[in-house]
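Listed here are the chains, written in short residue letters.
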Amino acid sequence: MAQAEPNLDHDISWVLLPSHWAKIVVALISFLCFANSYDGDFVFDDSEAIINNKDLRAETPLGDLWHHDFWGSKLSSNTSHKSYRPLTVLTFRINYLFAGGFYPVGFHVINIILHCIISVLMVDVFSILLGGLQFTNKGRRLNLAPKTSLLAALLFAVHPVHTECVAGIVGRADLLCALFFLLSFLGYCKAFRENKEGHHFSVFWVLVSVLLGAVAMLCKEQGITILGLNAVFDALVINKLNVLEFIQKLIRKDKLLENAGLLRKGLLFRITLLMSGGASILYIRWRIMGTGPPAFTEVDNPASFADSLFVRAINYNYYYSLNAWLLLCPWWLCFDWSMGCIPLIKSVSDWRIIALAALWFCLIGLICQALCSEDSHKRRILTLGLGFLIIPFLPASNLFFRVGFVVAERVIYLPSIGYCILFTYGFTLLSKQAKKKKILAVAVLGILLINVMRCALRSSQWRSEEQLFRSALSVCPLNAKVHYNVGKNLADKGNQSAAIKYYREAVRLNPKYVHAMNNLGNILKERNELQEAEELLSLAVQIQPDFAAAWMNLGIVQNSLRRFEEAEQSYWTAIKHRRKYPDCYYNLGRLYADLNRHIDALNAWRNATVLKPEHSLAWNNMIILLDNTGNLAQAEAVGREALELIPNDHSLMFSLANVLGKSQKYKESEALFLKAIKANPNAASYHGNLAVLYHRWGNLDLAKKHYEVSLKLDPMAPGTKENYNLLRRKLEQLQKKGGA
């Protein structure tokens, strides 16, 4: 189909393997890099995208996936991030159904397998990008650069920046997008399989490529960029277009189409198909998603909120340089680069301007070589390398719309293809000039080995939230979110003293960090440091007036301070901002119970159970309040209703058993007490109240046994010791009567 290209493999000292062996090696090494992440936990964003995402559950209709964003929110919601990835969510749902629940192993294994498949496909992709597209007479594609394509595929497979995509389960979106992205490219190449002179092509495969691009976009937004790359590839490789000559002829208004042969080779027709397909896909996506912009805050992407165009432009370019540095030297990796991790550049005197200058110096140099070099092979490879580096990155560049991050390692999964092309081509040029080629090959091998070890280390850090969050402290010590997440992790493990330290640092770094204030206020509330807790929570709702959780927690603190009217007002404000808030209704019910407003308390708890039928505490409080006020029949009805909804809740069994015992339904009460004790055998009150039941019932020996168990578990249990002493005196009296 095409003239022979210069052989990149000729001058490099590198292993030559048959195609199938090359793919096996790439698959094994890519597996080795990330295998230790297979048994990791759900970490960071996995909680929201998977555990808390109702779209994964069988009861959610499949059709809802097409109207919800990646996190399970309605696309029409003001809080939606507009990340429309229904096919990725569908794979999560399949994982969940096959595993029978939220077991992370299956999710991780699929991610590792996907990366291995993508790395194997890279061998074919790089052989085309580096060696050109040629077929035999039988339509079999030739690999004209087996050594360099293997090297580039290995560089891609072992790049540490990919760890977030592979070891973090939400990275599935990037992996699936990359898979269909590559299949679209390979499908487009198949369109020229029967093309001998550049005249003929298969419309079918062009359309298949467009369809696969659409599938890639339904996995993640970047997928649509493959259509632009296919057009670039067509122009440079199939039509051998000289971009500089094309621009010059366009400026001079030459007879461009005839001279360039664009119509004859069908380039314009194919580009029209690609553009029409892309426009149709984007229109359908726009119709589904609506016109509302994503909801992001200043802490997510501070540069995009800067008033000065200069500040925005200079910081965007600095972010680009950081992404480039992560590709070149992926040593400092962090799960989150927002919230103060990268302070804004506000003047040209900031030394970080050097990074921008270095980036653009390199880019301009590469672009000049890609346009002006007399070597057509060099022009083609550099242009393709830059194309694959830049075009997939455009959706994350802030140029077309605001994105919700500063730097994100996951978004350079696809752009790293361009980096691998440029690195490999640079290696071939150095090998051409070097006298000791083996030393250069050993150096590259050393880079690969270091990257493998870095991947393994980084994968182990992604196995648990504690390791992941702590690993970020040295990389982004100014990131308030890092300190917040370390604190949250410590608080979840019960280490409140250490958690307070990290929450305070998060608030110090970002005085408007309302979530850190809320969590710190919660811990202080539990430690009875109510004054400071109230100050923090009041500040949080002042900064963010619609922060419902902070309003509720402020209400709890005010209730503890016995400022009941203020507490009630705070609870209702929380409900105003979050209408479906069962926990707030529960706490409102507790307030009303403390004020002896029993009807209001019951209504509040009933609202909580309507919104969240499995709200055990609300059910329990209803049963206990009705029991304490002598409404035994109503308490029994509520208890039975609750147990139908939550049949294995031992606290509900215990509360209903108490009611049934007072109603002299001893047998049924005994059965529930025993069931509750089986579920929670170390609850002293369960044994103590069962003993009271037996005492009333006249089963004194069993009563004695359970009193003793209760006292053994809790010697200070209120009332139990007195009841036990009464029983002992009664048994002694019975023994005396029997002896007489």
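Bear in mind the structure is a predicted one, so any value in this text is a computation, not a measurement. (Residues numbered from 1 in each chain as written. Predicted model: local features only at pLDDT ≥ 70, side-chain atom pairs only at ≥ 80, totals over all residues. Heavy atoms only, no water.)

## With respect to the state of the cysteines
Such a bond, covalent and formed between the sulfur atoms of two cysteines, is termed a disulfide.
(1) Moving on: According to the stated counting rule, one finds 1 disulfide in the structure shown.
(2) Moving on: Two residues share a disulfide in this structure: Cys341 and Cys476, whose sulfurs sit 1.8 Å from each other. One quick way to see it: the torsion about the S-S bond of Cys341 and Cys476 is about -40°, and its sign makes the bridge left-handed. One end of the pair, Cys341, is in the loop between helix H14 (309-328) and helix H15 (353-372); the other, Cys476, is in the loop between helix H19 (465-471) and helix H20 (480-492), and 135 residues separate them in sequence.
(3) Moving on: Among the residues examined, Cys341 registers a relative accessible area of 12% and is labelled buried.
(4) Moving on: Its sulfur unpaired, Cys189 is 17 Å from the next cysteine sulfur, which belongs to Cys177.
(5) Moving on: Left unpaired, Cys455 is separated from the closest cysteine sulfur, that of Cys33, by 4.3 Å.
(6) Moving on: What makes Cys455 buried here is its relative accessible area of 0%. (Disulfide = S-S within 2.5 Å. Helix = DSSP H or I, 4+ residues; strand = E, 2+ residues; numbered from the N terminus. Buried < 20%, exposed > 50% of the residue type's maximum accessible area, 1.4 Å probe, protein only.)

## Some details on the packing of helix H1 (residues 19-34) against helix H18 (residues 437-461)
(1) Moving on: At a closest axis distance of 7 Å, the pairing of H1 and H18 adopts a crossing angle of 40°. The pairing of H1 with H18 is recorded here as oblique in orientation. Where H1 abuts H18, its residues Ile29, Leu32, Cys33 and Phe34 lie against Val452, Cys455, Ala456 and Ser459.
(2) Moving on: For the contact of H1 with H18, a count of residues per class yields 7 nonpolar, 1 polar and no charged. (Axes fitted to C-alpha atoms, helices over the stretch in contact; angles between N-to-C directions. Parallel < 35°, antiparallel > 145°, perpendicular 65-115°, else oblique. Contact = heavy atoms within 4.5 Å. Nonpolar A, V, L, I, M, F, W, Y, C, P; charged D, E, K, R; others polar.)

## Here's the deal with the UniProt feature "repeat: TPR" (unreviewed entry) in the protein chain
(1) Moving on: In this structure's numbering, the residues bearing the UniProt feature "repeat: TPR" (unreviewed entry) are residues 480-513, 514-547, 582-615 and 684-717.
(2) Moving on: Within the segment residues 582-615, helix and strand shares are 79% and 0% respectively, and the terminal C-alpha atoms sit 8 Å apart. (UniProt positions renumbered as here; feature names shortened; annotations may be inferred.)

## Looking at empty space enclosed by the protein
(1) Moving on: Considering all chains together, one arrives at 3 cavities of 30 Å³ or more under this definition.
(2) Moving on: The computed volume of the largest cavity comes to approximately 70 Å³.
(3) Moving on: Lining of the largest cavity is provided by Val43, Phe44, Asp45, Asp46, Glu164, Gly168, Ile169, Val170, Gly171, Arg410 and Trp462.
(4) Moving on: Among the residues forming the lining of the largest cavity, the class breakdown is 5 nonpolar, 2 polar and 4 charged. (1 Å grid on protein atoms, 1.4 Å probe; cavity = no way out; pocket = protein on both sides within 12 Å on 5 of 7 lines; lining within 4 Å. Points joined across faces, edges and corners; volume = space filled by probe spheres on them.)

## Thoughts on unusual backbone geometry
(1) Moving on: Of note, the phi angle at Phe44 is positive, near 50°, even though the residue is not glycine.
(2) Moving on: Mapped onto the elements, Phe44 comes out in the loop between H1 and helix H2 (46-51).
(3) Moving on: One non-glycine residue, Arg562, adopts positive backbone phi at about 65°.
(4) Moving on: Structurally, the position occupied by Arg562 is in the loop between helix H24 (548-560) and helix H25 (564-577).
(5) Moving on: For Arg562, a relative accessible area of 62% translates into the label exposed.

## Quick word on the nonpolar core
(1) Moving on: In terms of nonpolar packing, the biggest core is built from 214 residues, with Phe126, Leu129, Phe185, Phe233 and Ile417 touching the most fellow members.
(2) Moving on: The biggest single contributor to this core is helix H4 (residues 104-131), with 12 residues.
(3) Moving on: Dropping the residues within four chain positions of it, Phe185 is found in contact with Val125, Ile128, Leu129, Ile226, Asn230, Phe233 and Phe388.
(4) Moving on: With 13 residues, the next largest nonpolar core counts Ala49, Ile50, Ile169 and Val170 among its residues. (Core = buried A, V, L, I, M, F, W, Y, C linked by side-chain atoms within 4.5 Å.)

## A word on the environment of Leu371
(1) Moving on: Tracing the chain through its elements places Leu371 in helix H15.
(2) Moving on: Overall, Leu371 belongs to the partly exposed group, its relative accessible area being 26%.
(3) Moving on: Sequence-wise, Leu371 and Asn242 are 129 residues apart; in three dimensions their C-alpha atoms are separated by 7.7 Å.
(4) Moving on: Contacts of Leu371, omitting those with residues within four sequence positions, involve Asn242, Val243, Leu244 and Arg379.

## Quick look at the packing of aromatic side chains
(1) Moving on: Overall, the coordinates contain 27 aromatic pairs when judged by the stated rule.
(2) Moving on: On the numbers, 6.0 Å between centres and 45° between planes, the contact of Phe70 with Phe92 is tilted. With Phe70 in the loop between H2 and helix H3 (86-99) and Phe92 in helix H3, the pair connects residues that are 22 residues apart, well separated along the chain. We note that Phe70, like Phe92, is buried.
(3) Moving on: We note Arg85 situated over the ring of Phe70; from NZ or CZ to the ring centre the distance is 4.9 Å. (Phe/Tyr/Trp six-rings, centres within 6.5 Å; stacked < 30°, edge-to-face > 60°. Lys NZ or Arg CZ within 6 Å of the ring centre and 35° of its normal.)

## Some points on H15
(1) Moving on: With 20 residues, H15 extends 28 Å between its outermost C-alpha atoms, agreeing within 8% with the 28 Å of an ideal straight helix rising 1.5 Å per residue.
(2) Moving on: Buried within H15 we find Leu356, Leu359, Leu363 and Ala370. Along the axis of H15, the buried positions cluster into a sector of 70°, meaning they face one direction only. Structural note: H15 exposes Ile354, Phe361 and Cys372 on the side pointing more than 90 degrees away from its buried face.
(3) Moving on: Packing partners of the buried residues in H15 comprise H14 and helix H16 (376-390). (Expected span 1.5 Å × (residues − 1). Arc of directions from axis to C-beta.)

## What about the side chain of His162?
(1) Moving on: You can see His162 is positioned in the loop between helix H5 (146-157) and helix H6 (163-167).
(2) Moving on: Discounting residues that sit within four places of it in the chain, His162 has contacts with Phe34, His115, Phe156, Tyr413 and Ser416.

## With respect to the pattern of salt bridges
Opposite charge on two side chains permits them to pair, given that their charged atoms come into close proximity.
(1) Moving on: One pass over the structure, following the stated rule, counts 27 salt bridges.
(2) Moving on: Here Arg527 and Glu529 are joined by a salt bridge, their closest N and O atoms 3.5 Å apart.
(3) Moving on: According to the relative accessible area criterion, Glu529 is partly exposed, its value standing at 32%.
(4) Moving on: Across the pair Glu670 and Lys667 runs a salt bridge whose closest N-O atoms are separated by 3.8 Å. A residue pair is termed a helical-turn pair when its members lie 3 or 4 positions apart in one helix, as Glu670 and Lys667 do in helix H31 (residues 666-679) at 3 residues.
(5) Moving on: A network of salt bridges, in which partner residues are shared, links Glu636, Arg640, Lys665 and Glu668. (Salt bridge = Lys/Arg side-chain N within 4 Å of Asp/Glu carboxyl O.)

## Observations concerning the side chain of Lys481
(1) Moving on: Structurally, Lys481 is set in helix H20.
(2) Moving on: Among the residues examined, Lys481 registers a relative accessible area of 17% and is labelled buried.
(3) Moving on: A polar contact is formed between the side chain of Lys481 and the side chain of Asp336, at a distance of 3.3 Å.
(4) Moving on: Aside from chain neighbours lying at most four places away, what touches Lys481 is Asp336, Ser338, Met339 and Tyr513. (Polar contact = N/O pair within 3.5 Å; in protein donor to acceptor, adjacent residues only side chain to side chain.)

## Some details on the environment of Tyr724
(1) Moving on: Locating Tyr724 in the fold gives a position in helix H34 (residues 720-739).
(2) Moving on: Between the C-alpha atom of Tyr724 and that of Glu708, which follows or precedes it by 16 residues, the distance is 7.8 Å.
(3) Moving on: Separated by 2.7 Å, the side chains of Tyr724 and Glu708 make a polar contact.

## Topic: the packing of helix H9 (residues 225-238) against helix H13 (residues 267-289)
When two helices pack together, their arrangement is given by the angle between the helix axes and the distance between those axes.
(1) Moving on: Where H9 meets H13, the axes come as close as 9 Å, and the angle between the chain directions of the two elements is 175°. Considering their axes alone, H9 and H13 lie roughly antiparallel with respect to each other. Residues Leu227, Asn230, Ala231, Asp234, Ala235 and Ile238 of H9 pack against Leu267, Arg270, Ile271, Leu274, Gly277, Gly278 and Ile281 of H13.
(2) Moving on: Here the contact of H9 with H13 is composed, by residue class, of 8 nonpolar, 3 polar and 2 charged.

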